[in-house]
Amino acid sequence: MTTTRLKIGIVGCGKIAINHAKALHAMPEVELVACSDTDQDRAKSFGAAHGIAHAYDDLETLLGSGLDAVTICTPHPTHEAIVLAAAEHGLHVLCEKPIAITLDEADRMVEATATAGVKFGVLFQRRFWPAAQRIRAAIDAGALGGEPIVATCTVRLGRDREYYTSDPWRGRWDTDGGGVLMTQAIHYIDLLQWFMGDAVEVSGHIDTLVHGDYIEVEDTVAATVKFSSGGLATITAGTTFTPGLGTQIVVGGRNGRTVSLTEFPEGMPAVNDIWTVEGEEEYLQMHSTDIESDPPLSQIHVGLAPFHQMQIEDFVHAIVEDRAPAVSGRDARRALEIVLAIYESSRTGQPVSLTSGALAGLQ
């Protein structure tokens, strides 16, 4: 592995696959040799645009073409079948978030890749923001007085009809798996639990308050989370803001110190706008009327590309070095569990315990 370039293929040739292709091409350890999509024309045009020698419309043909690994860029509900098929072929797998849309699917994916002895990672590229790394390092160094005790996760994004109708799978339970929680907020929920630790109880409500004429999933969320440390957090999220106001996570420690990160506009690297660690106090107020607060999805992807590249590089190095990737399938399952618990709590009107197995078998 250390002397031979890894042969990697991309499954799914939609918008986010562009970030994968650029990142893989930039790595001397990698040879991007194939791509596949259920739409043959899209696979061929993507392959031609990105210098990929082989383009297929059949997954099995791709998986059997002599690859070492694949990255998965397909709609959420398709992830399980592709990961399981890749594991059967002995291929390492890096999958776009969310890992799946049910915990049973996620568990089968984790088990199959472990049994096959292959690496399994899930894309949560915002963990690679310097601002996120700085918060994690401050927690590890004890700068917040141990495990954090309180946090807020706020997601105020703008989406319109054109966004939801740009792809036929968007905004439907069966093909998207959820709305703002599953598609957008899960990135920040992943960061929240990375900072706060294991969640043990979730309460929440979801609704569709603005986009109901053209989507069936939620566009508005309010929830609370209790963690094993005893810490508490709130989550509010929506794709209903005009203009979009970005995202923020604020984390407070038992010693009264507070740290935060804010992503604004969406897709730009987050900054630590509140930082009251002793001896490092700073508070950044951002005021501007010139920033494009609702950039197109393509621009958001461009802004995230450097962090996609960092995580994809980490995954390739995990294969070469025979170690776990920075975000494993088990890690990604934790964010999914919180999302699904909010859905279940909203459905039942009751808190959901994550230690009782209450979500097992739910579809």
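Higher on the page you've got the structure.
Residues numbered from 1 in each chain as written. Predicted model: local features only at pLDDT ≥ 70, side-chain atom pairs only at ≥ 80, totals over all residues. Heavy atoms only, no water.

## Examining the packing of helix α9 (residues 180-196) against helix α11 (residues 329-348)
Point 1. Where α9 contacts α11, the two axes come as close as 9 Å, and the packing angle between them is 120°. Relative to α11, the element α9 is oriented oblique. Relative to α11, α9 is oriented so that their crossing is right-handed. In this structure, α9 contributes Leu181, Met182, Ile186, Ile189, Asp190 and Gln193 to the contact, and α11 contributes Asp331, Arg334, Ala335, Leu336, Ile338, Val339, Leu340, Ile342 and Tyr343.
Point 2. The class makeup of the residues in the contact of α9 with α11 is 11 nonpolar, one polar and three charged. (Axes fitted to C-alpha atoms, helices over the stretch in contact; angles between N-to-C directions. Helix = DSSP H or I, 4+ residues; strand = E, 2+ residues; numbered from the N terminus. Parallel < 35°, antiparallel > 145°, perpendicular 65-115°, else oblique. Left-handed = near helix turned anticlockwise from the far one by under 90°. Contact = heavy atoms within 4.5 Å. Nonpolar A, V, L, I, M, F, W, Y, C, P; charged D, E, K, R; others polar.)

## Section: a negative patch on the surface
Point 1. Together, Asp39, Asp41, Asp57, Asp58, Glu60 and Glu88 line one region of the surface with negative charge.
Point 2. Relative accessible area serves as the criterion here: at 42%, glutamate 60 is assigned to the partly exposed category. (Patch = residues over 30% accessible without salt bridge, like charges linked within 9 Å, V, L, I, M, F, W, Y side chains within 5 Å. Areas by Shrake-Rupley, 256 points an atom, 1.4 Å probe, with all protein chains shown as cover. Salt bridge = Lys/Arg side-chain N within 4 Å of Asp/Glu carboxyl O. Lys, Arg positive; Asp, Glu negative; His and termini not counted. Charge placed at Lys NZ, Arg CZ, Asp CG, Glu CD. Buried < 20%, exposed > 50% of the residue type's maximum accessible area, 1.4 Å probe, protein only.)

## Topic: the sheet that holds strand β5 (residues 92-96)
Point 1. The parallel open sheet is built from six strands, whose spatial order is β3-β2-β1-β4-β5-β6. Across the chains shown, the open sheet's two edge strands, defined by having one partner strand only, are β3 (54-56) and β6 (120-123). Averaged over neighbouring strand pairs, the angle between their axes works out to 20° when direction is ignored.
Point 2. Relative to strand β4 (residues 69-72), strand β1 (residues 6-11) runs parallel, the two sharing four bridges. Within β4, the residue paired with isoleucine 8 across the bridge is alanine 69.
Point 3. Along the sheet, helix α1 (residues 17-25) contacts β1, β2 (30-36), β4, β5 and β6; its crossing angle with β1, the most-contacted strand, is approximately 170°. (Pairing = 2+ DSSP bridges.)

## Digging into the pattern of salt bridges
Once the charged atoms of two side chains with opposite charge are near each other, the side chains can pair.
Point 1. The tally for this structure, following the rule as stated, stands at 21 salt bridges.
Point 2. Two residues, glutamate 263 and arginine 126, come together in a salt bridge whose shortest N-O distance is 3.2 Å. Remark: arginine 126 occurs in the loop between β6 and α6 (130-140) and glutamate 263 occurs in strand β12 (residues 258-263); sequence separation between them is 137 residues.
Point 3. Accessibility expressed as a relative area gives 4% for arginine 126, which makes it buried.
Point 4. In this structure, the salt-bridge partner of glutamate 282 is arginine 134, at a minimum N-O distance of 3.1 Å. Separated by 148 residues along the polypeptide, glutamate 282 in strand β14 (residues 282-283) and arginine 134 in helix α6 bring together distant segments of the chain.
Point 5. One salt-bridge network, in which partners are shared between bridges, spans Lys15, Asp167 and Arg170.

## Comments concerning helix α5 (residues 103-116)
Helical geometry note: an α-helix holds 3.6 residues per turn, so side chains three or four residues apart project in the same direction.
Point 1. Along its 14 residues, α5 runs 20 Å from first to last C-alpha, staying within 8% of the 20 Å computed at 1.5 Å per residue.
Point 2. Taken residue by residue, α5 has Leu103, Glu105, Ala106, Met109, Val110 and Thr113 as its buried positions. Buried residues of α5, viewed axially, fall in a sector of 160°; they line one side. Away from its buried face by more than 90 degrees, α5 exposes Glu111 and Thr115.
Point 3. Elements in contact with the buried residues of α5: α4 (79-88), β6 and α11. (Expected span 1.5 Å × (residues − 1). Arc of directions from axis to C-beta.)

## Here's the deal with unusual backbone geometry
Point 1. The amide bond that connects lysine 97 to the next residue, proline 98, takes the cis arrangement and shows omega of -15°.
Point 2. Along the chain, proline 98 turns up in the loop between β5 and α5.
Point 3. Between phenylalanine 264 and the following residue, proline 265, the backbone shows a cis peptide bond with an omega angle of -5°.
Point 4. The topology assignment puts proline 265 in the loop between β12 and β13 (274-275).

## Some points on the environment of valine 30
Point 1. One can find valine 30 in strand β2.
Point 2. A relative accessible area of 2% means that valine 30 is categorised as buried.
Point 3. On a C-alpha basis, the gap between valine 30 and glutamate 313 in space is 9.7 Å, while along the polypeptide they are 283 residues apart.
Point 4. Residues in contact with valine 30, not counting those within four places in the same chain, are Arg5, Leu6, Ile8, Leu24 and Val316.

## Considering the side chain of aspartate 314
Point 1. The residue aspartate 314 is located in helix α10 (residues 297-321) in this model.
Point 2. Since its relative accessible area comes to 14%, aspartate 314 is described here as buried.
Point 3. When sequence neighbours within four positions are dropped, the list of residues in contact with aspartate 314 reads Phe128, Arg323, Pro325 and Ala326.

## Focus: the nonpolar core
Point 1. Among the nonpolar cores identified, the biggest contains 80 residues, and Val70, Ile99, Phe120, Phe195, Ile235 and Leu261 are the most heavily contacted of them.
Point 2. Broken down by element, the residue count for this core peaks at 12 residues, all from α9.
Point 3. Discounting chain neighbours no more than four positions away, the residues touching valine 70 are Ile8, Gly9, Val11, Leu62, Leu63, Ala86, Leu91, His92, Val93 and Leu94.
Point 4. Core analysis: the next-biggest nonpolar cluster, separate from the first, contains 24 residues, Ala23, Val30, Cys35 and Phe46 among them. (Core = buried A, V, L, I, M, F, W, Y, C linked by side-chain atoms within 4.5 Å.)

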